[in-house]
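# Summary of the model geometry
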Amino acid sequence: MKKNEFSQAAEDYRKIEQAIKFIEKNHLEKLSLDDIASAVHTSKFHFQRLFHRWAGITPMQFLHSLTLEYAKQRLAESASLLDATYDAGLSGPGRLHDLFVTFDAITPGVYKKQGEGLEIAYGIHPTPFGECLLAKTDRGICHLSFVDSGKRAAFLRPLKSEWPKAELAEDKKATAELVRRIFANHRADSSKPFHLFLKGTNFQVKVWQALLAIPSGGLASYQDIAQSIGRPEAYRAVANAVANNPIAFLIPCHRVIKKTGEIHNYHWGPARKKAILSWESPAAISSQALAK
């Protein structure tokens, strides 16, 4: 996506989010496309064009991707794929997330310093899911979060909390290309991987590492992740680590849902989580690939 395409996608997302919230509020009703289009103040025809422009899928495919039955099906299909991935030894750094994400975890000494002496460049940019804040050091991406328009004044608070003694400087030129590559139809150039610089406990880093093995279009439960790291009884601790993921989207915590198929509990809102999962659905991935 080019810069103006990102701006358009971010504008489209506002309508997508409104539609999802309307569907959530009226999930017991048998909604028609006209009902949903009317709720976001647009025509059925424009609604159809909006979805094709945003994710390459039809509104009906979008609605299907939000159903409980669909989520359960994706969980069942992904479980065997996850097992195969871990059995093949693909959970180590450098061979993750379709082979395009690598990472370093900070040492205990650096953790204790709370970012003292570290220079962090950050920028806010449009994405297909609203605005995001990306921050980077010379050792890699250290933060990626979504910024809600109503909370823009406090957008730096989580970053400052993670790295309280670091030197922060706004530098949109340093972060713009990374954002463009991350959200370019959720396809990355595997010859130029993204490198992450993670701050977390050993357990958290292990969970985040496991998340990287969930493929685009796939889903996993908290129990699946706990099982994969050899701690089947620790699914509540896994849920806590997932909730504290400092790098949205690239570390795909949005792909973890309840084993019942319910899509909930996302740091940046359940509507955004559903939007991302719809954008990553097999139908959307196929449509975007064909459009290239």
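Residues numbered from 1 in each chain as written. Predicted model: local features only at pLDDT ≥ 70, side-chain atom pairs only at ≥ 80, totals over all residues. Heavy atoms only, no water.

By the secondary structure assignment, Tyr111 is in helix 6 (residues 108–113). For Tyr111, a relative accessible area of 37% puts it in the partly exposed group. The spacing of Tyr111 and Gly200 is 89 residues in sequence and 8.1 Å in space, taken between C-alpha atoms. The contact partners of Tyr111, leaving out residues within four places of it in the chain, are Ile106, Lys199, Gly200 and Thr201. (Helix = DSSP H or I, 4+ residues; strand = E, 2+ residues; numbered from the N terminus. Buried < 20%, exposed > 50% of the residue type's maximum accessible area, 1.4 Å probe, protein only. Contact = heavy atoms within 4.5 Å.)

What follows is about the packing of helix 9 (residues 202–211) against helix 11 (residues 235–243). Packing of helix 9 against helix 11 brings their axes to within 9 Å, and their N-to-C directions diverge by 80 degrees. For the element pair helix 9 / helix 11, the angle class is roughly perpendicular. Residues Phe203, Gln204, Val207, Trp208 and Leu211 of helix 9 pack against Ala237, Val238, Ala241 and Val242 of helix 11. A breakdown of the residues in the contact of helix 9 with helix 11 according to their chemical character gives 8 nonpolar, 1 polar and no charged. (Axes fitted to C-alpha atoms, helices over the stretch in contact; angles between N-to-C directions. Parallel < 35°, antiparallel > 145°, perpendicular 65-115°, else oblique. Nonpolar A, V, L, I, M, F, W, Y, C, P; charged D, E, K, R; others polar.)

Moving on to the pattern of salt bridges. Oppositely charged side chains may form a pair once their charged atoms are brought near each other. Per the stated rule, a full pass over the model turns up 9 salt bridges. Taking the shortest distance from any N to any O, the salt bridge between Glu11 and Arg14 comes out at 2.4 Å. Here the residue Glu11 and the residue Arg14 both occupy positions in helix 1 (residues 3–25), the gap between them amounting to 3 residues, near one helical turn. We classify Glu11 as partly exposed; its relative accessible area is 41%. A relative accessible area of 45% places Arg14 in the partly exposed class. Ionic pairing is found between Arg53 and Asp12, a salt bridge with its closest N-O pair at 2.9 Å. Residue Arg53 is found in helix 3 (residues 44–55), and its partner Asp12 is found in helix 1; the two are separated by 41 residues along the sequence. Residue classification places Asp12 among the buried residues on the basis of a relative accessible area of 3%. (Salt bridge = Lys/Arg side-chain N within 4 Å of Asp/Glu carboxyl O.)

Bringing the packing of aromatic side chains into the picture now. The full count for this structure, using the stated rule, is 16 aromatic pairs. Their ring planes at 45 degrees and their centres at 4.4 Å tell us that Phe51 and Phe62 sit as a pair that is tilted. Of this pair, Phe51 sits in helix 3 while Phe62 sits in helix 4 (residues 59–65), and the two are 11 residues apart along the sequence. With respect to burial, Phe51 and Phe62 carry one shared label: buried. (Phe/Tyr/Trp six-rings, centres within 6.5 Å; stacked < 30°, edge-to-face > 60°.)

A few words now on the side chain of Thr102. Here Thr102 is to be found in strand 1 (residues 101–105). Note on Thr102: relative accessible area 18%, which makes it buried. Only 2.6 Å separates the side chain of Thr102 from the side chain of His195, close enough to count as a polar contact. (Polar contact = N/O pair within 3.5 Å; in protein donor to acceptor, adjacent residues only side chain to side chain.)

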